[in-house]
Amino acid sequence: MPDMTREEISSCLRDGANSDELFAAARKKREQVFGDRIFMYGFVYFSTWCRNNCNFCYFRKDNKIERYRKPKDEVLEIAMDLADSGVNLIDLTMGEDPVYHSDGFADAVTIVREIKKLGIPVMVSPGVVDETVIDRFSEAGADWFALYQETHNRELFAKLRVCQDFDKRMECKKYARQRGMLIEEGILAGVGESEDDIAESLVQMGDAGAGQIRVMSFVPQAGSPMENAAEPDRNREYAIIAMMRLLYPHALIPASLDVDGIAGLEKRVWAGANVVTSIIPPRSGLMGVAQCTKDVDEGGRTFAEAAAILEGMGLHPASTEDYKEYIGGLK
């Protein structure tokens, strides 16, 4: 539970969203805990099939788009390339693919087990799954279980995640934490939430014991019910990152390349983020989430590109051993 009340958090977001002092305080807090180290995550979105119809998502079930389901060997090859490039973690993300749900995630669990043999941590993002599936991921050695609520305002949740159960989603990540996995929780910015809603989310993410918390700006998606919605001012996202850092100094807070590509990295790090997420190998055939093709094939989302920007900011990528030591303390 943060020291600030919900009212104080809300007021700070409302009054200090563009405050240089807010961002400076967040960077100072990050430096006190992490020094000049920034963690780096490789991203493998290995299935774009999904059974859900989230109103904000490009990959929603009813959207008539081309999809893929990467075979196990290809996923492992991409993961090995990412590990060789220097990333500290492999983030295995998927839609709620009906095929995986029907076979108990057998291939996904095998992929986790094989990646762990490389000596690199793994995050899984399979959506809402049964406890038996969480058990299998835990036993295979998955370090993280990522499952985003997007908002903790139940009315707004119902508008975003159509016909999904708010409480079941919460209980799923809580069970993963009981099974020894760290959890990542996250929210969307710019989907109709108020400052009070954001403050509620920031408190609840801490209360849930999330070791990693993230915010991403909403990007309107072609073919979705929200495709004509206004795209939010990025300063809202930056301010939320800064508040996250001040409230939870030891949290891992991502600067995602998935929203604005490599060009958006520096501002998110200056806001207090300490993780670069969604590093994707070029010409891998993989997609992102918020911006499904942004900077991917051009090679703009590689470890080397991100590292160069960090070095220019007086920061540097952490080693995988540093990362493993850090998350060992979180567990």
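Now for a look at the structure at hand. From a predicted model like this one, the values you see are computed outputs, not experimental measurements.

1. Some details on the overall build of the protein chain
- Along its length, the protein chain carries 13 helices and 9 strands.
- The C-alpha radius of gyration computed for the protein chain amounts to 18 Å, which stays within 12% of the reference 20 Å derived for 331 residues, consistent with globular compactness.
- The 331 residues of the protein chain split such that 61% are buried.
- For the protein chain, the share of sequence-separated contacts (at least 6 apart) that also reach a separation of at least 24 residues comes to 73%.
- Of the roughly 13,200 Å² of accessible surface on the protein chain, a fraction of 47% belongs to carbon and sulfur atoms.
- Mean positive and mean negative side-chain charge positions of the protein chain (39 and 54 charges, respectively) differ by 3 Å.

2. Regarding the nonpolar core
- Of all hydrophobic cores here, the largest spans 96 residues; its most connected members are L92, F137 and F145.
- No other element matches the 8 residues that helix 10 (residues 234–247) contributes to this core.
- Y41, M123, L252 and Y323 belong to the second-largest nonpolar core, a separate cluster that totals 15 residues.

3. Considering the side chain of R268
- Topologically, R268 is positioned in helix 11 (residues 265–270).
- Each residue touching R268, except ones within four places of it in the same chain, is listed here: R234, E237, Y238, I241, A255, S256, V259, D260 and A273.

4. What about the pattern of salt bridges?
- Applying the stated criterion to the full structure yields 24 salt bridges.
- Of the charged contacts, one joins R214 and E150 as a salt bridge, the two residues approaching to 3.5 Å between their closest N and O atoms. Of this pair, R214 sits in strand 6 (residues 212–217) while E150 sits in the loop between strand 4 (144–146) and helix 7 (154–160); the two residues are 64 residues apart in sequence, bridging distant segments of the chain.
- Looking at R214, the relative accessible area reads 5%, which means it is buried.
- Among the residues examined, E150 registers a relative accessible area of 5% and is labelled buried.

5. Comments concerning a negative patch on the surface
- Together, D73, E77, D81 and D84 make up a negatively charged patch on the protein surface.
- If you trace the backbone, D73 turns up in helix 3 (residues 72–85).

6. Description of the packing of helix 5 (residues 106–116) against helix 6 (residues 131–140)
- Interhelical geometry of helix 5 versus helix 6 gives an angle of 15° and a closest axis separation of 8 Å. Compared by their axis directions, helix 5 and helix 6 come out roughly parallel. When you trace helix 5 past helix 6, the crossing you get is right-handed. Residue-level inspection shows A108, V109, V112, R113 and K116 of helix 5 in contact with helix 6, the latter providing R136, F137 and A140.
- Among the residues forming the contact of helix 5 with helix 6, the class breakdown is 5 nonpolar, no polar and 3 charged.

7. Notes on the environment of L89
- In this fold, L89 is placed in strand 2 (residues 89–94).
- We classify L89 as buried; its relative accessible area is 0%.
- Considered as a pair, L89 and N274 are 185 residues apart in the sequence and their alpha carbons are 14 Å apart.
- Dropping the residues within four chain positions of it, L89 is found in contact with M40, Y41, G42, I120, P121, V122, M123, W144 and Y323.

8. Thoughts on the side chain of N55
- Structurally, N55 is set in the loop between strand 1 (37–47) and helix 3.
- For N55, a relative accessible area of 17% puts it in the buried group.
- Of the polar contacts made by the side chain of N55, one reaches the backbone oxygen of K159; its length is 2.7 Å.

Criteria and cut-off values
Residues numbered from 1 in each chain as written. Predicted model: local features only at pLDDT ≥ 70, side-chain atom pairs only at ≥ 80, totals over all residues. Heavy atoms only, no water. Helix = DSSP H or I, 4+ residues; strand = E, 2+ residues; numbered from the N terminus. Rg over C-alpha atoms; globule rule 2.2 N^0.38 Å. Buried < 20%, exposed > 50% of the residue type's maximum accessible area, 1.4 Å probe, protein only. Contact = heavy atoms within 4.5 Å. Areas by Shrake-Rupley, 256 points an atom, 1.4 Å probe, with all protein chains shown as cover. Lys, Arg positive; Asp, Glu negative; His and termini not counted. Charge placed at Lys NZ, Arg CZ, Asp CG, Glu CD. Core = buried A, V, L, I, M, F, W, Y, C linked by side-chain atoms within 4.5 Å. Salt bridge = Lys/Arg side-chain N within 4 Å of Asp/Glu carboxyl O. Patch = residues over 30% accessible without salt bridge, like charges linked within 9 Å, V, L, I, M, F, W, Y side chains within 5 Å. Axes fitted to C-alpha atoms, helices over the stretch in contact; angles between N-to-C directions. Parallel < 35°, antiparallel > 145°, perpendicular 65-115°, else oblique. Left-handed = near helix turned anticlockwise from the far one by under 90°. Nonpolar A, V, L, I, M, F, W, Y, C, P; charged D, E, K, R; others polar. Polar contact = N/O pair within 3.5 Å; in protein donor to acceptor, adjacent residues only side chain to side chain.

Fair warning: the whole summary comes from geometry, so function is off the table for now.
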